[in-house]
Amino acid sequence: MKKIGILTSGGDCSGMNACIRAAVRTAIRMNMEVVGFRKGYLGLMKGDCIPLDTKAVSGILHRGGTFLQSARSEEFRTPEGQKKAMEILANLKIDGLVVIGGDGSLKGAQALHRLGMPVIGVPASIDNDIPYTDMALGVDSALNNIIYAVDCIKDTASSHARAFVIEVMGRNSGYLASIAAIASGAEYALVPERETDLAEICQQLRARYEEGRDNAIIILAEGAGHGDEIAATIKDAIGFETRVTVLGHYQRGGAPTVFDRLLASRFGKNAVEFLANGQRGVMVGLSCNSVLSTPIDDVVKGEKRPQDEVLRLAEVLGI
Ligand code: F6P
């Protein structure tokens, strides 16, 4: 393999830069030429790429986001668009591609693989909803951002005797909300994987209030309801002054944690080694602290990552 391409696609996350850097450094060690496509599949559709060498990826390990940028491309979703992408890759004499992104990006990788392109996927999404990896890139950094914010909000919640509904991202996954609630000592996590009995929660909050606990933190996964409605229900039911904080895109940025820097480095290195060793159409993933490969076909058709163990932990801890 002489020349490879790298792209980052879908929602950005901390650790993408560190992963690009590791992939580039590994490829250069193997005497491969590397190019980076700008703005994900959108850049690929235009052949918009830049050469990547050690200098091009210096000073980015600790930076959030992706210096290659990310975007969504409607054209690439079509069979014609995917054929066009293959032609562009052939014209650029690219023998292998590393795709760093979430479930949509991996579907794109699968399409190119089926058309004959040697592709390796790297799971990167704060939602942690990608099957066949214990952790996706960016999850740990997002969680640390969330915990910092929740700790801050707890201070003001206790000063003013208020309840806070704090909405976190995750699309249809409650992973961020569950872990954030466990790790921050929140009262409740409302997640899409579990039905919410708001009346029961209000009753418990009322009981706590009567015992003298006059503040509460409820972590709401964005896929599990509307913060304003939940806050209004709590206020009406128990008279607790309630505020809503939507953490939004703050969660996705910032310097990656040590965990994500290491995971990114391992994923980037292994992705290139897998390509060089002849693996095709697989995704790198973390399983029991080893980096393994799984066919992207299985990843794409796999059930969403089950959150059973995390939900059970939250339940046992009374969250
Ligand atoms: O998939 C990552 C994610 O951050 C989700 O948690 C969130 O719902 C979505 O992306 C937000 O997308 P956008 O950045 O396009 O608003």
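Residues numbered from 1 in each chain as written. Predicted model: local features only at pLDDT ≥ 70, side-chain atom pairs only at ≥ 80, totals over all residues. Heavy atoms only, no water.

The number of helices and strands found in the protein chain is 12 helices and 11 strands. Its C-alpha atoms give the protein chain a radius of gyration of 22 Å, within 12% of the compact-globule value 20 Å for 319 residues. With respect to the principal axes defined by its C-alpha atoms, the protein chain has extents near 70 × 35 × 35 Å. When each of the 319 residues of the protein chain is scored for burial, the buried share is 52%. Sequence-distant contacts in the protein chain: of pairs separated by 6 or more residues, those separated by 24 or more amount to 74%. Between the centroid of the 35 positive side chains of the protein chain and the centroid of its 38 negative side chains there is a distance of 10 Å. (Helix = DSSP H or I, 4+ residues; strand = E, 2+ residues; numbered from the N terminus. Rg over C-alpha atoms; globule rule 2.2 N^0.38 Å. Buried < 20%, exposed > 50% of the residue type's maximum accessible area, 1.4 Å probe, protein only. Contact = heavy atoms within 4.5 Å. Lys, Arg positive; Asp, Glu negative; His and termini not counted. Charge placed at Lys NZ, Arg CZ, Asp CG, Glu CD.)

On to the packing of aromatic side chains. Scanning the model with the defined rule gives 2 aromatic pairs in all. Each ring, one from Y41 and one from F76, has its centre 4.0 Å from the other, and the planes form 5°; the classification is stacked. Within this pair, whereas Y41 is found in helix α2 (residues 40–46), its partner F76 is found in helix α3 (residues 74–77), the two being separated by 35 residues in sequence. Comparing Y41 with F76 shows no difference in burial state: the two are buried. Measuring from ring centre to ring centre gives 5.1 Å for Y209 and F240, while their planes differ by 75°; the resulting arrangement is edge-to-face. Pair noted here: Y209 is in helix α8 (residues 198–210) and F240 is in the loop between α9 (227–238) and β9 (241–246), with a separation of 31 residues, a long-range link. (Phe/Tyr/Trp six-rings, centres within 6.5 Å; stacked < 30°, edge-to-face > 60°.)

The accessible area lost on association of the parts is a frequent measure of interface size. Each assigned domain of the protein chain is listed here: domain 1 (3–138 + 256–302) and domain 2 (139–252). The C-alpha-based centres of domain 1 and domain 2 are spaced at 34 Å. Contacts between the two partners involve 18 residues from domain 1, matched on the other side by 13 residues from domain 2. Counting the surface lost from both domain 1 and domain 2, the interface buries some 1200 Å², and carbon and sulfur atoms represent 52% of this. (Domains from an automatic or database assignment. Buried area = accessible area lost by both parts, 1.4 Å probe.)

The next thing to look at is a nonpolar patch on the surface. Side chains of L313, V316 and L317 sit close together on the surface and give an oily, nonpolar patch of about 270 Å² of accessible area. Inspection of the secondary structure assignment puts L317 in the segment after α12 (308–316). (Patch = residues over 30% accessible without salt bridge, like charges linked within 9 Å, V, L, I, M, F, W, Y side chains within 5 Å. Areas by Shrake-Rupley, 256 points an atom, 1.4 Å probe, with all protein chains shown as cover. Salt bridge = Lys/Arg side-chain N within 4 Å of Asp/Glu carboxyl O.)

Quick look at the nonpolar core now. Across soluble globular proteins, you tend to see nonpolar side chains buried next to one another. Within the largest apolar cluster, 87 residues are counted, with the highest numbers of intra-cluster contacts made by I6, L97, I100, L112, L176, I217 and I219. The dominant element in this core, judged by the number of residues it contributes, is helix α6 (residues 139–160), at 9 residues. When residues of this core are sorted by domain, at least three fall in each of domain 1 (3–138 + 256–302) and domain 2 (139–252). In contact with I100, other than residues within four places in its own chain, are I6, L7, T8, S9, M16, C19, I20, V122 and A124. Ranked by size, the runner-up nonpolar core spans 16 residues in total, among them L190, L198, I230 and F240. (Core = buried A, V, L, I, M, F, W, Y, C linked by side-chain atoms within 4.5 Å.)

What describes two packed helices is the angle between their axes and the distance between those same axes. Running from N to C, helix α7 (residues 175–184) and α12 cross one another at 35°; their axes reach a closest spacing of 10 Å. Crossing of α7 against α12: the hand is left-handed. Here Y175, S178, I179 and I182 of α7 come into contact with α12, specifically with V310, L311, L313 and A314. A breakdown of the residues in the contact of α7 with α12 according to their chemical character gives 7 nonpolar, 1 polar and no charged. (Axes fitted to C-alpha atoms, helices over the stretch in contact; angles between N-to-C directions. Left-handed = near helix turned anticlockwise from the far one by under 90°. Nonpolar A, V, L, I, M, F, W, Y, C, P; charged D, E, K, R; others polar.)

Here we take up the sheet that holds strand β11 (residues 290–295). Here 7 strands make up an open sheet; going across it, the order is β3-β2-β1-β4-β5-β10-β11 and the pairing mixed. Looking at strand neighbours, the two that pair on one side only are β3 (49–51) and β11, the edges of this open sheet. With direction set aside, neighbouring strand axes in the sheet form an average angle of 25°. Sheet topology note: the strand β1 (residues 3–8)/strand β4 (residues 96–101) ladder contains 5 bridges and is parallel. Following the sheet pairing, L7 is matched in β4 by V99. In the packing of helix α1 (residues 16–29) onto the sheet, the strands contacted are β1, β2 (33–37), β4 and β5 (119–123), and the crossing angle to β1 comes to about 175°. (Pairing = 2+ DSSP bridges.)

Most peptide bonds are trans, and most residues other than glycine sit at a negative phi. The backbone of A161 sits at a positive phi, close to 50°, despite the residue not being glycine. Mapped onto the elements, A161 comes out in the loop between α6 and β6 (162–168). When its relative accessible area of 29% is taken as the criterion, A161 is described as partly exposed. The backbone of C288 sits at a positive phi, close to 50°, despite the residue not being glycine. Positionally, C288 belongs in the loop between β10 (282–287) and β11. Of the residues examined, C288 reaches a relative accessible area of 70% and is grouped as exposed.

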